[in-house]
Amino acid sequence: MRRVLILGGTAWLGRAVAAAALAAGADVTCLARGEAGTVAAGARLVRADRNSPDAYDGVIGDWDDVIELSWNPPFVASGLEALADRAAHWTLVSSVSVYADSATPFADETAPLVEPVDLDRYADAKVHAERLTWARGEDRVLLARAGLIVGPGDPTDRFGYWPARFARGGRTLIPTTTGRHVQGIDVDDLAAWIERAGRTAVTGAVNAVGQELPLAEVLTTAQAAAGTATETVALDDDTLLRRGVQRWAGPRSLPLWLPAEARGFARRSDAAFLASGGRRRPLADTMRRTLDDERARGVGRPRRAGLTPAEEAGVLAG
């Protein structure tokens, strides 16, 4: 039986990876504090604080795949030091945020990376983690550069904002969509590929991304999934910025709205992902699953991303 160790595994993507590995017949261990949630049914949780010098004492023996989810530099370094020599394959979940250029559509894994000068910054820390990991055994290492992860359970509230917003009905503020794209990958599709890539010894850097789709199509699909009477009102970038709307994510934002000059961020090459066995479900399926999850959690709940009803009304009123 394959032995899979997930460094993490109690939060969103990690739990999905554990579930995928269990479904494939692996023996799965998750090393985590256990504060973010529970492990997938059938996985073993080894509670540990990775700040502690004895953090890895509870995970003994050799591993067919170790999957690192953290971008914290000391955690990445200590995990490699303790476990790299006992792992037949090592997967680092990285990000397409490592790329220095977001303007060029369909750039592949050879595109230049940011230079890691400030390890408190996400992109810099991810590049640093990649370099540490690659140096420990490039012939065994997969750098899984994930794009926008979407689907049920998303703790960022980005993608789910739109089906939830359309489900509330009424006048709905959207950005202008011309020339804009979204490249979201369903969390379960990403997890299934990470599991399969470890089992089939995929190595190197791979953009683990969804199909690039026009933002207009994503919004239309969200509206159709909700099935609620809505009127969309599109405002241009200058107007949105002048009225205090933020881009991409976070409070007072219109999620997935990117600057026009970042036209390559959501249009990365997916050739290596597809060649290595990546599979993606239809957008409508992901949108339906996301909306079901949003309804279960409450479409009117406080969110980490998006406009509140009062904020949206204020922006629409000018």
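Sequence order sets the numbering: in each chain, residues are counted from 1 along the sequence as written. With pLDDT at 70 or above as the cut-off, local features in this predicted model cover only qualifying residues; side-chain atom pairs require 80 or more to be listed or tallied, and sums for whole chains, interfaces and linings still use all residues. Side-chain numbers here rest on the full set of heavy atoms in the structure, without hydrogens or water.

A. Inspection of the overall build of the protein chain at higher detail. Looking only at helices and strands, the protein chain features 10 helices and 15 strands. Its C-alpha atoms give the protein chain a radius of gyration of 20 Å, within 12% of the compact-globule value 20 Å for 318 residues. If you line up the protein chain on its principal axes, its C-alpha atoms span 60 × 40 × 35 Å. Buried means the residue's accessible area, taken with a 1.4 Å probe over protein chains only, is under 20% of the maximum for its type, while exposed means over 50%, and partly exposed covers the values in between. Within the span of the protein chain, comprising 318 residues, buried residues form 52% of the whole. If you take every contact in the protein chain between residues at least 6 apart in sequence, the share linking residues at least 24 apart comes to 75%. Total accessible area on the protein chain is roughly 13400 Å²; 52% of this is exposed by carbon and sulfur atoms. Between the averaged position of the 38 positive side-chain charges in the protein chain and that of its 41 negative side-chain charges there is a distance of 4 Å. For helices the rule is a DSSP run of H or I covering at least 4 residues; for strands it is a run of E covering at least 2, with both sets numbered from the N terminus onward. Here the radius of gyration uses the C-alpha set of atoms, whereas the globule reference equals 2.2 Å times the residue count to the power 0.38. Any two residues having at least one pair of non-hydrogen atoms within 4.5 Å are treated as being in contact. In these tables, accessible area is a Shrake-Rupley quantity obtained with a 1.4 Å probe, and a residue counts as shielded only by the protein chains included in the view. We count Lys and Arg on the positive side and Asp and Glu on the negative side, and we leave His and both chain ends out. Charge positions are represented by NZ for Lys, CZ for Arg, CG for Asp and CD for Glu.

B. Structural context of unusual backbone geometry. Backbone geometry at Phe106 places phi at a positive 65°, although glycine is not the residue there. A positive phi angle is found at Ala201, which is not glycine, with a value near 60°. Tracing the backbone through its elements, the reader meets Ala201 in the loop between α5 (187-199) and β11 (204-208).

C. Here's a closer look at the sheet that holds strand β4 (residues 65-68). DSSP-based pairing: two strands are paired if at least 2 bridges between them are found. Reading across from one edge, β3-β2-β1-β4-β5-β6-β11 is the order of the seven strands in this open sheet, with parallel pairing throughout. Strands with a single pairing partner mark the edges of an open sheet, and in this sheet they are β3 (44-47) and β11. Mean inter-strand twist for the sheet, computed between neighbouring axes without regard to direction, equals 20°. Axis angles are defined between N-to-C directions and span 0 to 180 degrees, where every axis is a line fitted to C-alpha atoms and, for a helix, only to the segment in contact. Lying on the sheet, helix α3 (residues 122-135) is in contact with β5 (90-95), β6 (141-146) and β11; it crosses β5 at an angle near 160°.

D. View of the pairing of β6. When you tally the buried positions in β6, you get six out of six residues, the bulk of the element. Of the two faces of β6, both are covered, the one formed by Val141, Leu143 and Arg145 as well as the one formed by Leu142, Ala144 and Ala146. Bridge count between β5 and β6: six bridges; the pairing is parallel. Residue pairing for β6: Val93 is matched across the bridge by Ala144. Looking down the strands as they point away from the viewer, one classifies a crossover as right-handed if the path from the first strand across the helix to the second runs clockwise. Traced from β5 through α3 to β6, the parallel crossover comes out right-handed.

E. Structural detail: the pattern of salt bridges. By definition here, a salt bridge exists when the distance from a side-chain nitrogen of Lys or Arg to a carboxyl oxygen of Asp or Glu is within 4 Å. Tallying each qualifying case throughout the model produces 30 salt bridges. A salt bridge links Arg2 to Glu195, with the nearest nitrogen and oxygen atoms 4.0 Å apart. Residue Arg2 is located in the segment before β1 (3-7), and its partner Glu195 is located in helix α5; the two are separated by 193 residues in the primary sequence. Ionic pairing is found between Glu195 and Arg199, a salt bridge with its closest N-O pair at 2.8 Å. Highlighted residues: Glu195 and Arg199, both in helix α5, separated by four residues, approximately one helical turn. Each member of the salt-bridge network shares a partner with another, and the members are Asp186, Asp188, Asp189, Arg281, Asp285, Arg288, Arg289 and Asp292.

F. Seen up close, the packing of helix α4 (residues 161-168) against helix α9 (residues 283-297). Packing of α4 against α9 leaves a shortest axis separation of 9 Å and a crossing angle of 65°. As far as their axial angle goes, α9 and α4 are roughly perpendicular. The chirality of how α4 crosses α9 is right-handed. Note on element contacts: α9 touches α4 through Met287, Thr290, Leu291, Glu294 and Arg295, opposite Tyr161, Pro163, Ala164 and Ala167. Oblique is the label for any angle not under 35 degrees, not over 145, and not in the 65 to 115 range, which are roughly parallel, roughly antiparallel and roughly perpendicular in turn. Handedness of a crossing is defined here by the sense of rotation of the near helix relative to the far one, left-handed for an anticlockwise turn of less than a right angle and right-handed for a clockwise turn.

G. The environment of Leu22, seen in detail. Mapped onto the secondary structure, Leu22 falls in helix α1 (residues 12-23). As for Leu22 and Ala43, which are separated by 21 residues in sequence, their C-alpha atoms are 7.3 Å apart.

H. Helix α10 (residues 309-317), seen in detail. When α10 is considered as a whole, its buried residues turn out to be Glu312, Val315 and Leu316. Viewed end-on, α10 has its buried residues packed into an arc of 100°, placing them on one side of the element. Pointing more than 90 degrees away from the buried face of α10 are the exposed residues Ala310 and Ala317. One or two steps after α10, the chain reaches Gly318, where phi turns positive at roughly 85°. It is the directions from the helix axis to the C-beta atoms whose arc is reported.

I. Region of the structure containing the nonpolar core. Residues Ile6, Leu13, Val28, Ile149, Leu190 and Trp193 are the most contacted members of the largest nonpolar core, which totals 32 residues. Secondary-structure elements contributing two or more residues to this core are β1, α1, β2 (27-32), β6, α5 and β11. Ranked by residue count, the leading element in this core is α1, at seven residues. Among all residues touching Leu190, those that are not within four sequence positions of it are Leu13, Ala146, Ile149, Ile185 and Ala208. Counting residues in hydrophobic clusters, the runner-up holds 29 residues, among them Val245, Leu307, Val315 and Leu316. We call a set of buried Ala, Val, Leu, Ile, Met, Phe, Trp, Tyr and Cys residues a nonpolar core when their side-chain atoms join them within 4.5 Å.

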